[in-house]
Amino acid sequence: DTRNKGRKQWYQRRVRGDCKISIYAQGSNNADVPKMAPDRVMSIQSSFESLKVILPHLVPNMQLGAEPEEYDVRILIPAHTRMSVNGKHGSTLVRIKTESNSSYFSIFPDPLPNSDEYIVKIINPTIEGAAKALVDIAKAISSTKGCQSVAFYDPQIWTPGTKGDNGSFTDNPPLPGERPPPPGEEETSESGTKEERVDGEVKQEMNEAR
């Protein structure tokens with residue numbers, strides 16, 4: 001994957017040897033991500049086995065509340081992989097929702113602005129269930145995601161309601177009536193470069209607790 005070449009990053013960390021987590025400070029056009037954009041995109045590059053281990057540690061940090069009643073997680077998938085998540089007559093979607101015991105599981109009907117990416121939103125009562133759903137989605141799209149080029153979503157600012165029903169934090173906040181806070185003070189990596197997105201098997205839209 002060449003998405004991270006030459007880009008500043010707000011955060012990057014390697015865990016378990018084969019796993020890299022990053023959050024980019026620049027979009028795909030190398031322009032800085034607007035600081036007041038309400039979301040960020042995290043990618044994880046890892047094996048599925050490592051993904052199973054690290055996601056339960058990441059899911060709590062994707063939430064606005066310290067101890068939410070249910071966990072709201074969202075994963076971005078390329079447009080051409082939607083059928084892989086749905087399955088024939090919705091069979092794959094129903095299976096993942098049932099096996100992960102998710103109370104909500106849906107692919108939003110419209111893509112994120114200026115991109116070929118769609119949000120799959122999952123609400124689950126447990127950290128483990130939310131993590132399992134994310135892993136199962138990653139597996140479902142693994143054989144098709146690289147078949148076509150994709151215009152990646154870059155965090156941006158727009159007027160709510162003007163970009164369709166896309167599941168973004170702008171149009172679909174994690175908590176009723178509450179907007180994610182703007183990014184805080186930027187961190188700096190050991191190399192002195194700002195860090196901020198991620199490259200890999202899973203790209204997850206998330207509030208910047210990450």
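In what follows, the structure referred to is the one given above.
Summarised in this report is the structure supplied together with it. Since the structure is predicted, the reported quantities are computational estimates derived from the model, not experimental observations.

Right, let's talk about the nonpolar core for a bit. Core analysis: the biggest nonpolar cluster contains 32 residues, and Ile44, Leu55, Val59, Ile77, Phe105 and Ile137 have the highest contact counts within it. Elements supplying a minimum of two residues to this core: β2 (19–24), β3 (40–45), α1 (48–58), β4 (71–78), α3 (91–99), β5 (104–107), β6 (117–124) and α4 (127–141). Excluding anything up to four places from it in sequence, phenylalanine 105 contacts Val85, Leu93, Ile96, Lys97, Val120, Lys121, Ile122, Ala133 and Ile137. Residues Leu76, Ile119, Tyr153 and Trp158 belong to the second largest nonpolar core, which totals 7 residues.

All of the buried residues along α1 are Ser50, Leu51, Ile54, Leu55 and Leu58. The buried residues of α1 occupy one face: seen down the axis, they fall within an arc of 125 degrees.

With respect to the secondary-structure elements, glutamine 156 resides in the loop between α4 and β7 (202–206). The class for glutamine 156 is buried, based on a relative accessible area of 17%. At 2.9 Å, the side chain of glutamine 156 and the side chain of asparagine 114 are in polar contact. Polar contacts involving the side chain of glutamine 156 include one to the main-chain carbonyl oxygen of aspartate 154, which spans 2.7 Å.

Turning our attention to the environment of tyrosine 153. In this fold, tyrosine 153 is placed in the loop between α4 and β7. Each C-alpha atom of the pair tyrosine 153 and aspartate 116 lies 7.3 Å from the other, and the pair is 37 residues apart in sequence. Looking at tyrosine 153, its side chain comes within polar contact range of the side chain of aspartate 39, at 3.0 Å.

With that out of the way, let us pick up the environment of isoleucine 96. You can see isoleucine 96 is positioned in helix α3. Using a relative accessible area of 0% as the deciding quantity, one classes isoleucine 96 as buried. C-alpha of isoleucine 96 to C-alpha of alanine 140: the two residues are 44 residues apart in sequence and 9.6 Å apart in space. Those residues in contact with isoleucine 96, other than ones at most four positions away along the chain, are Phe105, Ala133, Asp136 and Ile137.

Analysis parameters
- Residues numbered from 1 in each chain as written.
- Predicted model: local features only at pLDDT ≥ 70, side-chain atom pairs only at ≥ 80, totals over all residues.
- Heavy atoms only, no water.
- Core = buried A, V, L, I, M, F, W, Y, C linked by side-chain atoms within 4.5 Å.
- Buried < 20%, exposed > 50% of the residue type's maximum accessible area, 1.4 Å probe, protein only.
- Helix = DSSP H or I, 4+ residues; strand = E, 2+ residues; numbered from the N terminus.
- Contact = heavy atoms within 4.5 Å.
- Arc of directions from axis to C-beta.
- Polar contact = N/O pair within 3.5 Å; in protein donor to acceptor, adjacent residues only side chain to side chain.

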